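Per-entry structural report
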Amino acid sequence: MRWIELSHRWLGGLIGLLMALIGISGAVLVHRDAWTTVTRKLDAPIQETEQVAEALTKIMTDRTARTIILASPGFAVHRIAYENGGGAYTDQSGNVLVHWDSQWARPELWLSDLHRRLFSGEAGEIVIGIMGLVGIFFTVTGTILWWRTRQTFNFRLLPKRLSRPAIVRHHRDIGIVTAPLLLLSFVTGSVMVFRPLSSIVLGPGAAAAIEVAARAPHPLSVPMGRDVDWAGIVKAAHVRFPKADVRGVSLPRKGNGLITVRMKQPWEWLPNGRTTLWFAADTGRLVAAQDPGHLPTQVQMYHLLYPMHAGKVGGVAYRLVMTMSGLALGLLGTLAVWTFWFHHKRTG
C-alpha cells in the first residue's frame, strides 16, 4: 500500500502547486495595467477617426503585424502582435515605444500565459480548465464538510502552527470565508475553457448559441490589399456604431479574406467589447456587422464571464475582491504543498 500513499501525496501536492500558481498569478494579473511598465500609458485615449486611421496606417506598413489592440482608459498605448510571436507597444500616433521578440521579455505576457496555459499551449489550457473543475468540487464538498464542524470556526489569516491538524483546520475555516469568491473564479474560468459547460451554468442550448454567435461571415477568396483604406474602415465602423470605440483590428486569419474590427459600446463590460465588424481585405468594404445587444441572452451572459473573472468591472473595489480570491487560493494551495510534500518528509 506504500505506492498508494506516495501517489496520494504527490497528486495532492501537485494539485496544491497548480492551484497556488493559478491563484497568485491571477491576483497579480488583476492589476496588470497598473504595473506594466511603458511610457505614455496614462495619456487620455483618443478615438478621433483621423488619428486612429493614421496610427493604423503607420503600424500596418509593417506587413508582419497581425493584431492591434488600441489604447483604452488607464492603458493608453496600442499593443501590436506580430506573426513571428513578437510584439510592441506604440503611442497613439503609431510610434514604437517598446518592442520585443519574445513574450519572455515582458512579464505581463509570460505571466498571462502561465495563468491561462501553464506555458503549454492548448494542453495547458485544458489542465487549467480541469483545475477549475477540481476547485469547484473542493469548494462545494469543503463547504459541506465545514458545516459539521461549524461550532469550532476560528478565522485566522495563517494557521496557528505548521502541523497537519492546524493546517487542516485553517484550510477549512478560511476556505468557508472565501468560498463564494473561489467559486466565482472557478466557475467563470472553467466555463471559458470548456464551453459546453455553459449549458449547465447558463441553461440548455447555451453552448450552441455561443458557437453560432462566434462564427465569422463566409470567407472571401481575396488577398490582403497593399493600400488598405484604414480611414475608410474606421469611418465606416463609427458610422455603423457611432457611440462605440474602436478597440482592436485583426488581419485575415487562415486566408479568410476578412479584416476584423472590434468595438466597445458604452454598456459593454468586456474591455475590448464584442461589437464586431468584418471588412473585405482587398477593398475595405463592410461585409457584415454584429451588435452584441441583439444576441441571445445566454450569449450576452457568457460575454460577462471574462470581465467578472479578470476584475474588469466594478472598479478598484471589485479588483481588490478578486485579488483576495487569488491570494486565498494561493495560500490554500501553498499550504497543501507543504502538507503533502514537505511536512510528510519531515515527520514521516
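1. Re the overall build of the protein chain
For the protein chain, the count of helices and strands is 12 helices and 8 strands. Taken across its 348 residues, the protein chain has 45% of its residues classed as buried. The contacts in the protein chain between residues at least 6 apart in sequence include a share of 57% that link residues at least 24 apart. A total of about 18,400 Å² of accessible surface is found on the protein chain, and carbon and sulfur atoms cover 63% of it. For the protein chain, the centre of its 37 positive side-chain charges and the centre of its 22 negative side-chain charges are spaced 14 Å apart.

2. Thoughts on empty space enclosed by the protein
Within the structure shown, the criterion is met by 1 cavity of 30 Å³ or more. A volume near 30 Å³ is recorded for the largest cavity. For the lining of the largest cavity, the elements supplying multiple residues, two or more each, are helix H9 (230-240) and strand S5 (245-250). Ranked by the residues each element gives to the lining of the largest cavity, the list is headed by H9, at 3 residues. Of the residues contributing to the lining of the largest cavity, the split by class is 7 nonpolar, no polar and no charged.

3. Digging into the pattern of salt bridges
When the charged atoms of two side chains lie near each other, side chains of opposite charge can form a pair. Summed over all chains, the structure comprises 6 salt bridges. For arginine 169, the salt bridge identified is with aspartate 173, shortest N-O distance 3.9 Å. Residue arginine 169 and its partner aspartate 173 are both found in helix H6 (residues 164-193); the two are separated by 4 residues, about one turn of the helix. You can call arginine 169 partly exposed: its relative accessible area is 38%. Here the salt bridges do not stand alone but share partners, grouping Asp113, Arg117 and Glu125 into one network.

4. Regarding the layout of surface pockets
Volume-wise, the second largest pocket comes out at about 910 Å³. Taken together, 33 residues make up the lining of the second largest pocket; nearest its centre are Phe138, Gly142, His171, Arg172 and Ala336. Of all the secondary structure elements, the ones that give two or more residues to the lining of the second largest pocket are helix H1 (2-29), helix H5 (121-148), H6 and helix H12 (315-347). In terms of residue count, H6 provides more of the lining of the second largest pocket than any other element does, 10 residues in total. Along the lines of polarity and charge, the residues of the lining of the second largest pocket split into 17 nonpolar, 13 polar and 3 charged.

5. A word on helix H8 (residues 206-214)
Along H8, the residues that are buried comprise Ala206, Ala207, Ala209, Ile210 and Ala213. The buried side chains of H8 occupy one side of the element, clustering within an arc of 165 degrees when seen end-on.

6. Here we look at the environment of tryptophan 3
Following the sequence through the fold, tryptophan 3 ends up in helix H1. Classification of tryptophan 3 by relative accessible area gives exposed; the value is 61%. In the structure, tryptophan 3 is positioned 37 residues away from arginine 40 in sequence and 57 Å away in space, judged by C-alpha atoms.

7. Overview of the packing of H5 against H6
The description of two helices packed together rests on the angle between their axes and the distance between the axes. The geometry of H5 relative to H6 is characterised by a closest axis approach of 8 Å and an angle of 145 degrees between their N-to-C directions. Two packed elements cross with a definite hand, and for H5 against H6 that hand is left-handed. Here Glu125, Ile126, Gly129, Met131, Gly132, Leu133, Gly135, Ile136, Thr139, Val140, Thr143 and Trp146 of H5 lie close against H6, whose contacting residues are Arg172, Asp173, Ile176, Ala179, Leu182, Leu183, Phe186, Val187, Ser190 and Val193. Broken down by class, the residue content of the contact of H5 with H6 amounts to 13 nonpolar, 6 polar and 3 charged.

Rules behind the numbers
- Along each chain, the written sequence defines residue order, and numbers are assigned to residues from 1.
- Given that this is a predicted model, residues contribute local features only at a pLDDT of at least 70 and side-chain atom pairs are listed and counted only at 80 or more, while totals for whole chains, interfaces and linings are drawn from all residues.
- In computing side-chain values, all of the structure's heavy atoms are included and hydrogens and water are not.
- Secondary structure elements follow DSSP: runs of H or I no shorter than four residues count as helices, runs of E no shorter than two count as strands, and numbering proceeds from the N terminus.
- Only protein chains enter the accessibility calculation, which uses a 1.4 Å probe; a residue whose area is less than 20% of its type maximum is buried, one above 50% is exposed, and one in between is partly exposed.
- Throughout, a contact is declared for two residues whenever any of their heavy atoms are within 4.5 Å.
- Under the convention used here, a 1.4 Å probe and the Shrake-Rupley method define accessible areas, while residue burial counts only the protein chains that appear.
- When charges are counted, Lys and Arg are positive and Asp and Glu negative, with His and the chain ends excluded.
- By convention, the charge on Lys lies at NZ, on Arg at CZ, on Asp at CG and on Glu at CD.
- A pocket here means an open set of points on a 1 Å grid, computed over the protein atoms alone, that has protein on both sides within 12 Å along at least five of seven lines. A cavity is instead a set of points where a 1.4 Å probe fits but cannot get out; residues with an atom within 4 Å of a point line either one.
- Grid points are joined across faces, edges and corners, and a volume is the space filled by probe spheres set on the points.
- Only Asp, Glu, Lys and Arg are considered charged, only Ala, Val, Leu, Ile, Met, Phe, Trp, Tyr, Cys and Pro nonpolar, and every remaining residue, Gly among them, polar.
- By convention in these notes, a salt bridge is any Lys or Arg side-chain nitrogen within 4 Å of a carboxyl oxygen on Asp or Glu.
- Picture the helix axis, draw a direction to every C-beta atom, and the arc is the one those directions span.
- To get an axis, a line is fitted to the C-alpha atoms, and for a helix only the part in contact is used. The angle between two axes follows their N-to-C directions and goes from 0 to 180 degrees.
- Each crossing gets its handedness from the near helix: less than a right angle anticlockwise from the far helix is left-handed, clockwise is right-handed.

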